[in-house]
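Residue-level structure breakdown
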Amino acid sequence: MSRIEQEYKSARETYADLGVDTDQAIKTLSSIPLSIHCWQGDDVIGFDGATSLSGGILATGSYPGRARNAEELRADAAFAFAHIPGQKRFNLHAMYAETGGTKVERSALQPRHFDAWVAWAKEQKIGLDFNPTFFSHPLAASGWTLAHPDENIRKYWIEHGKASRRIAQAIADSLKDVVVNNLWVPDGSKDMPADRLGPRLRLKESLDAIYAEKLPNDRVLDAVESKLFGIGSESYVPGSHEFYFGYASQKAIGLCYDMGHFHPNESVADKISATLLYVPYLIIHLSRGLHWDSDHIVIWNDAITDVCREIIRMRVWDRIHLALDYFDSSVNRISAWIIGARSAQRALLYALLEPVEAMRTEEERGDFGSRLALIEESRSLPFAAVWRHYCEMQNVPAGPEWIDNVKEYEKKVLAGRA
Ligand code: RNT
Ligand code: ZN
């Protein structure tokens, strides 16, 4: 028996003493997909001619080796996948369309512009998710899109929103799978607006126009993402949490919680059980804001653990779509993907291994000291043994050895990119 197997066997017994079935935990974990964001691979630049990012979001750093085209992005992502356990999906943005060198307006994008992505997804045996792109574009330069005061500009973006739903539908039908189609707009104002209602009315009207078309089946999972503020929209964002929570519950579509889009001390984890009473499903953008919505690489911190705890304790993983959302240009981008994805998986596994039944029993008894003791004692259970066994089962490196593989790839492949 290998050391990993030996250690797993003993860990399994330790957990069993507390009523936790590690085999079952692993089985559940391998059934929960994680959507990996394409945009970490190229600093959120995309393929439609942008040279920098707009919309109040920012990828900082100048580490060499970013993917410059679709082939490089796909190769890098596939390399990263080989180091990430669990079920993977790939999250695309409309600006990653492949138009064969011709300029295609975002309002005129077609499913065929994503054919190569679909073919690749089939080859990789992964699902895809989608996002319309309302930033890094001349018609978004003012910082306003769907809530823009100019009707023609709104119309352009409404057409983009509709085109994106059709693309998501085509991808879903081709893959015979669901596709999350998540909408976020950067709209907002730097300074205090005189009118807070007008932009919200316009945004609502634009969304109504986008979602008016009835799609042929339930494969497209529409969702809307709120935000507290952005760079250049510090004073007001029409698409606030209340705005989209109301909208999503009224329309029975999904709500997307980005962990960087709330006040720093606000707990996204606590919101899950409340909103799931009113919306059919949630998207969670796993991210890490430092002082602001800085989109740092996901690490296994308390905020992520708490979100995973809620999903696992309520057993609602079928109604939650987990997606990474961060962008760091100051490190090897493949490392960025692998670190965030492995950490998200660790947090899920940790949540699955907590002796929740025992905690609940203490809670029902009113013995909150014992409940807290169980939470704290759980931290030093042999988690790592289960994690390594899981990685081995999934044919990915069990520990930090993957770092050397990335270094190798950097030398062989990334270093050649000017
Ligand atoms: C921006 C939102 C949004 C983007 C991606 C690129 O603040 O978080 O989800 O990060 O669409
Ligand atoms: Zn997000």
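Residues numbered from 1 in each chain as written. Chains lettered and ligands numbered in written order. Predicted model: local features only at pLDDT ≥ 70, side-chain atom pairs only at ≥ 80, totals over all residues. Heavy atoms only, no water.

In this section: the coordination of the zinc ion (ligand 2). Taken together, the protein ligands of the zinc ion (ligand 2) are E225 (OE), D258 (OD), H285 (ND1) and D325 (OD), with distances of 2.1 Å. For the zinc ion (ligand 2), the 6 donor atoms in the first shell make angles of 72 to 168° at the metal, so the coordination geometry reads as irregular. Residue E225 is classed as buried on the basis of its relative accessible area of 4%. Residue classification places H285 among the buried residues on the basis of a relative accessible area of 1%. (Donors = N, O, S within 2.8 Å, 3.2 Å for Na, K, Ca; no water. Tetrahedral: all angles 85-135°; square planar, octahedral: opposite > 155°, others 65-115°. Buried < 20%, exposed > 50% of the residue type's maximum accessible area, 1.4 Å probe, protein only.)

So, on to the pairing of strand β6 (residues 254-258). Counted residue by residue, β6 has 5 buried out of 5 residues, so it is predominantly covered. Side chains G254, C256 and D258 of β6 all project onto a buried face; the interleaved residues L255 and Y257 project onto the opposite face, where all are buried too. Pairing between β6 and strand β7 (residues 282-286): 4 bridges, direction parallel. Counted as the bridge partner of L255 is L282 from β7. As a crossover connection, the stretch from β6 through helix α8 (residues 268-275) into β7 is right-handed. (Helix = DSSP H or I, 4+ residues; strand = E, 2+ residues; numbered from the N terminus. Pairing = 2+ DSSP bridges. Right-handed = clockwise from strand over helix to strand, strands pointing away.)

A separate point is the packing of helix α3 (residues 70-81) against helix α4 (residues 115-124). Where α3 contacts α4, the axes come no closer than 12 Å and their chain directions differ by 20°. Our classification of the angle between α3 and α4 gives roughly parallel. Relative to α4, α3 is oriented so that their crossing is right-handed. Contact residues: L73, R74, A77, A78 and F81 in α3; A116, W117, W120 and Q124 in α4. Looking at the contact of α3 with α4 residue by residue, the classes come out as 7 nonpolar, 1 polar and 1 charged. (Axes fitted to C-alpha atoms, helices over the stretch in contact; angles between N-to-C directions. Parallel < 35°, antiparallel > 145°, perpendicular 65-115°, else oblique. Left-handed = near helix turned anticlockwise from the far one by under 90°. Contact = heavy atoms within 4.5 Å. Nonpolar A, V, L, I, M, F, W, Y, C, P; charged D, E, K, R; others polar.)

Strand pairs in the sheet, formed through backbone hydrogen bonds, run parallel or antiparallel to each other. Spatially, 8 strands are ordered β3-β2-β1-β10-β7-β6-β5-β4 in an open sheet, and the strand pairing comes out parallel. In the strand order of this sheet, the two ends are held by β3 (127-129) and β4 (179-183), each with one partner. On average, each strand axis in the sheet is tilted by 30° relative to the strand beside it, whichever way the strands run. Summarising the sheet, strand β2 (residues 88-91) and β3 pair through 3 bridges and their orientation is parallel.

With that settled, consider the packing of helix α6 (residues 197-211) against helix α7 (residues 241-251). Packed helices, taken two at a time, are described by the angle between their axes plus the distance between the axes. Closest axis-to-axis distance for the α6/α7 pair is 12 Å, and the angle between their directions is 30°. The chirality of how α6 crosses α7 is right-handed. Contacts between α6 and α7 involve R200, L203, K204, L207, D208 and Y211 from the first element and F243, Y244, Y247, Q250 and K251 from the second. Among the residues making up the contact of α6 with α7, the classes are represented as 6 nonpolar, 1 polar and 4 charged.

Another point: the site of ligand 1. Near ligand 1 lie 13 residues; those nearest to it are H93, E225, K227, D258 and D325. At 2.8 Å from an oxygen atom of ligand 1 is found a side-chain nitrogen or oxygen belonging to E225. In this structure, K227 approaches ligand 1 through a side-chain N or O atom, which is 2.7 Å from an oxygen atom. When the free accessible area of ligand 1 is taken as 310 Å², the share hidden by the protein chains comes to 99%. For the shell around ligand 1, the per-class residue count stands at 5 nonpolar, 3 polar and 5 charged. (Near = heavy atom within 4 Å. Polar contact = N/O pair within 3.5 Å; in protein donor to acceptor, adjacent residues only side chain to side chain. Areas by Shrake-Rupley, 256 points an atom, 1.4 Å probe, with all protein chains shown as cover.)

Assignment of secondary structure puts R342 in helix α10 (residues 333-352). Among buried Asp, Glu, Lys and Arg side chains, R342 stands out as unpaired, with E401 the closest opposite charge at 6.4 Å. Separated by 3.1 Å, the side chain of R342 and the backbone oxygen of H83 make a polar contact. Excluding its chain neighbours within four sequence positions, the residues that come into contact with R342 are H83, P85, W387, C391, V396, P397, A398, G399 and W402. (Lys, Arg positive; Asp, Glu negative; His and termini not counted. Salt bridge = Lys/Arg side-chain N within 4 Å of Asp/Glu carboxyl O.)

According to the stated counting rule, one finds 21 aromatic pairs in the structure shown. The interplanar angle of 70° and the centroid separation of 5.2 Å between the aromatic rings of F90 and W120 together place this pair among those described as edge-to-face. With F90 in strand β2 and W120 in helix α4, the pair connects residues that are 30 residues apart, well separated along the chain. The two residues F90 and W120 agree in class, both being buried. A centroid spacing of 6.5 Å and a plane angle of 5° characterise the contact between F243 and Y247, whose relative ring orientation is stacked. Taken together, the residues span about one helical turn, with F243 and Y247 both in helix α7 at a distance of 4 residues. No difference in accessibility class separates F243 from Y247, as the two residues are buried. (Phe/Tyr/Trp six-rings, centres within 6.5 Å; stacked < 30°, edge-to-face > 60°.)

Take a nonpolar patch on the surface next. A contiguous nonpolar patch, built from L58, I231 and W292 and spanning about 250 Å² of accessible area, is present on the exposed surface. Structurally, I231 can be placed in the loop between β5 (220-225) and α7. (Patch = residues over 30% accessible without salt bridge, like charges linked within 9 Å, V, L, I, M, F, W, Y side chains within 5 Å.)

Honestly, it's all geometry; don't read function into it.
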